[in-house]
Amino acid sequence: MNKVENVLVVAAGKAINELTCGAAQIGSRVTLVYAGARDSAMNSDKAYYLGDRPFFSCGPAAAKLALAEKPQLVLLDSSKDSLLVASHIAAAFGTSVQTNTASILVGDGIITDKLVYGGAAVKTEKSSGAAVVCVSPGVFSQGAANAVADISDVLCEGDERIKVLETRAKAASSVNLSLAKKIVGVGRGLADEEALKMCRSFAESIGAELGCTRPICEERSWMEKERYIGVSGAVVQPECYIAVGISGQVQHIVGINKSGTIIAIDKNEAAPIFKSCDYGIVGDLHKIVPQLQQLIEE
Ligand SMILES: Cc1cc2nc3c(=O)[nH]c(=O)nc-3n(C[C@H](O)[C@H](O)[C@H](O)COP(=O)(O)OP(=O)(O)OC[C@H]3O[C@@H](n4cnc5c(N)ncnc54)[C@H](O)[C@@H]3O)c2cc1C
């Protein structure tokens, strides 16, 4: 793969690992600008520490460092805070932020793909100057965390015009589907919450996380938002994905198509999921799932 000379990662917290690992594949040199815990720097030739401050307020300082570092590519994740920071950096370079990026290639410039029209199409963009790119979750894999020898503390003011007034706790979600090795994904084919219980028990019996399609969260409110997979939810890449009662619309498939093996259970043999899976079982999920579980337990 072609590489650029310098990739600047601007991040805080958990995003640092994924982004620095990804940056190493794209750039000969990786420079990190980060906030939060000072010891969270990793996998970079050089790092600038902005202090333990809210990440969203780091835009002006990150933009100054970006101008000084002259990277060909600035990488951030797609969180709301990162979008704010990215906007400062892009303005400093006189360019726009490329959001929700699904892949990055170095060719004649930086070439990025993003999903548009709810995932039904892919839009390819090329930047000829410095590119400021926010990547979707799961685009890069997590890797080892190698310590950084060269860390500079940057004494700078954040964006003081925005202040945090209050932070309220939200019901904690214990799930990070992008790290799961096995996922059982459930869809609207489940008749009721008893069927959901049955699928949860099946998932537990094979050591899998439970994921779902968007309507399961947004229409039925059966699961928290962190568990829905697809273009507007999580992008996952487990070794095995078992789709149960999921028709296989493109908006869901783009979230699972990097999985190792895809197994689908659906009663409609013409369901599009059967075009995207490695193994398909046609039949009533309410009968097949308990049978599978029994077979596995035996
Ligand atoms: C802008 C936009 C963004 C979107 N983003 C996402 C996204 O990120 N993720 C996402 O998932 N969706 C997303 N959607 C929604 C998406 O288009 C589909 O509507 C959704 O994925 C369908 O969910 P489903 O497969 O659970 O339901 P359905 O399409 O209704 O499929 C249910 C399936 O269950 C089968 N079935 C029914 N009964 C049984 C039974 N007893 N046994 C076995 N099989 C049975 C049916 O044959 C059918 O194939 C988005 C839509 C839009 C417009």
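Values in this document were obtained by computation on a predicted structure and should not be read as measured data.

### Focus: the packing of aromatic side chains
When we look at a pair of aromatic rings, we describe it by the centre distance and by the angle of the planes.
Here comes step 1: Counted by the stated rule, this structure contains 1 aromatic pair.
Here comes step 2: With a centroid separation of 5.0 Å and 40° between ring planes, the pair formed by Y34 and Y49 is classed as tilted. Here Y49 lies in strand 3 (residues 46-49) and Y34 lies in strand 2 (residues 27-35), a separation of 15 residues in the sequence.
Here comes step 3: A relative accessible area of 10% places Y49 in the buried class.
Here comes step 4: The aromatic ring of W222 is capped on one face by R220, whose charged end is 4.8 Å from the ring centroid.

### Considerations on the pattern of salt bridges
Here the idea is simple: oppositely charged side chains can pair when their charged atoms come close.
Here comes step 1: In total, this model carries 12 salt bridges according to the counting rule given.
Here comes step 2: Between R29 and E5 there is a salt bridge; the shortest N-O distance is 3.5 Å. Note that R29 is positioned in strand 2 and E5 in strand 1 (residues 4-12), a separation of 24 residues in sequence.
Here comes step 3: Since its relative accessible area comes to 51%, E5 is described here as exposed.
Here comes step 4: For E224, the salt bridge is made with R227, and the minimal N-O distance between the two is 3.5 Å.
Here comes step 5: Take E224: its relative accessible area is 31%, and that puts it in the partly exposed class.
Here comes step 6: Accessibility expressed as a relative area gives 13% for R227, which makes it buried.
Here comes step 7: Via salt bridges that share partners, E5, R29, K46 and E69 belong to a single interconnected network.

### Things to note about the site of the ligand
Here comes step 1: Around the ligand sit 27 residues in total, of which R188, T213, S232, S247 and D266 are the nearest.
Here comes step 2: Separating an oxygen atom of the ligand from a backbone N or O atom of R214 is a distance of 3.0 Å.
Here comes step 3: Within the contact set of the ligand, an oxygen atom lies 3.1 Å away from a backbone nitrogen or oxygen of G245.
Here comes step 4: Protein contact buries 76% of the 990 Å² of open area that the ligand shows by itself.
Here comes step 5: Elements represented by at least two residues in the shell around the ligand include exactly helix 5 (214-218), helix 6 (250-256) and helix 8 (285-297).
Here comes step 6: Across the shell around the ligand, the residue classes tally to 7 nonpolar, 15 polar and 5 charged.

### So, the domain arrangement of the chain
Here comes step 1: Domain parsing of the chain yields domain 1 (4-153) and domain 2 (177-297).
Here comes step 2: Taking only C-alpha atoms, the centre of domain 1 and the centre of domain 2 are 32 Å apart.
Here comes step 3: Across the domain 1/domain 2 interface, buried area totals approximately 680 Å², and carbon plus sulfur atoms make up 55% of it.
Here comes step 4: At the junction of domain 1 with domain 2, the criterion picks out 0 salt bridges.
Here comes step 5: Linking domain 1 with domain 2 are 1 residue pair in polar contact (both at pLDDT 80 or more).

### So, the sheet that holds strand 8 (residues 131-135)
In any sheet, the strands associate via hydrogen bonds between backbone groups, in a parallel or an antiparallel arrangement.
Here comes step 1: Taken in spatial order, the 9 strands line up as 7-6-5-8-4-1-2-3-9 in an open sheet, and their pairing is mixed. Strands at the two margins of the open sheet, each flanked by one partner only, are strand 7 (121-127) and strand 9 (151-153). Averaged over all adjacent pairs, the angle separating strand axes in this sheet is 30°, with direction ignored.
Here comes step 2: As paired strands, strand 4 (residues 73-77) and strand 8 are joined by 5 bridges and run parallel to one another. Considered in strand 8, the bridge of V74 is made with V132.
Here comes step 3: The strands touched by helix 1 (residues 15-26) within the sheet are strand 1, strand 2, strand 4, strand 5 (97-107) and strand 8, with strand 1 carrying the most contacts at an inclination of about 175°.

### What about helix 8?
Here comes step 1: With 13 residues, helix 8 ought to run about 18 Å at 1.5 Å a step, and its terminal C-alpha atoms sit 18 Å apart, in line with that.
Here comes step 2: Buried residues along helix 8 sit in contact with helix 4 (193-205), strand 12 (240-244), strand 13 (261-266) and strand 14 (279-282).

### Brief notes about helix 3 (residues 80-93)
Here comes step 1: In this model, helix 3 (14 residues) spans 20 Å end to end at C-alpha, consistent with the 20 Å of a helix rising 1.5 Å per residue.
Here comes step 2: Its buried side turned inward, helix 3 meets strand 1, helix 2 (59-69), strand 4, strand 5 and strand 8.
Here comes step 3: Of the residues flanking the end of helix 3, it is G94, one or two places downstream, whose phi is positive at about 70°.

### Some remarks on the nonpolar core
Here comes step 1: Ranked by size, the top nonpolar core spans 27 residues in total, and within it V9, I26, L73, L75, I104, V135 and F140 carry the most contacts.
Here comes step 2: Those elements that provide at least two residues to this core are strand 1, helix 1, strand 2, strand 3, strand 4, strand 5 and strand 8.
Here comes step 3: For this core, the element with the most residues is helix 1, which contributes 5 residues.
Here comes step 4: Other than its neighbours up to four places away in sequence, V135 contacts L19, L75, L76, D77, S78, T101, I104 and F140.
Here comes step 5: One finds C199, F202, I242 and I265 within the second-largest nonpolar core, a separate group that totals 25 residues.

Cut-offs applied
Residues numbered from 1 in each chain as written. Predicted model: local features only at pLDDT ≥ 70, side-chain atom pairs only at ≥ 80, totals over all residues. Heavy atoms only, no water. Phe/Tyr/Trp six-rings, centres within 6.5 Å; stacked < 30°, edge-to-face > 60°. Helix = DSSP H or I, 4+ residues; strand = E, 2+ residues; numbered from the N terminus. Buried < 20%, exposed > 50% of the residue type's maximum accessible area, 1.4 Å probe, protein only. Lys NZ or Arg CZ within 6 Å of the ring centre and 35° of its normal. Salt bridge = Lys/Arg side-chain N within 4 Å of Asp/Glu carboxyl O. Near = heavy atom within 4 Å. Polar contact = N/O pair within 3.5 Å; in protein donor to acceptor, adjacent residues only side chain to side chain. Areas by Shrake-Rupley, 256 points an atom, 1.4 Å probe, with all protein chains shown as cover. Nonpolar A, V, L, I, M, F, W, Y, C, P; charged D, E, K, R; others polar. Domains from an automatic or database assignment. Buried area = accessible area lost by both parts, 1.4 Å probe. Pairing = 2+ DSSP bridges. Axes fitted to C-alpha atoms, helices over the stretch in contact; angles between N-to-C directions. Contact = heavy atoms within 4.5 Å. Expected span 1.5 Å × (residues − 1). Core = buried A, V, L, I, M, F, W, Y, C linked by side-chain atoms within 4.5 Å.

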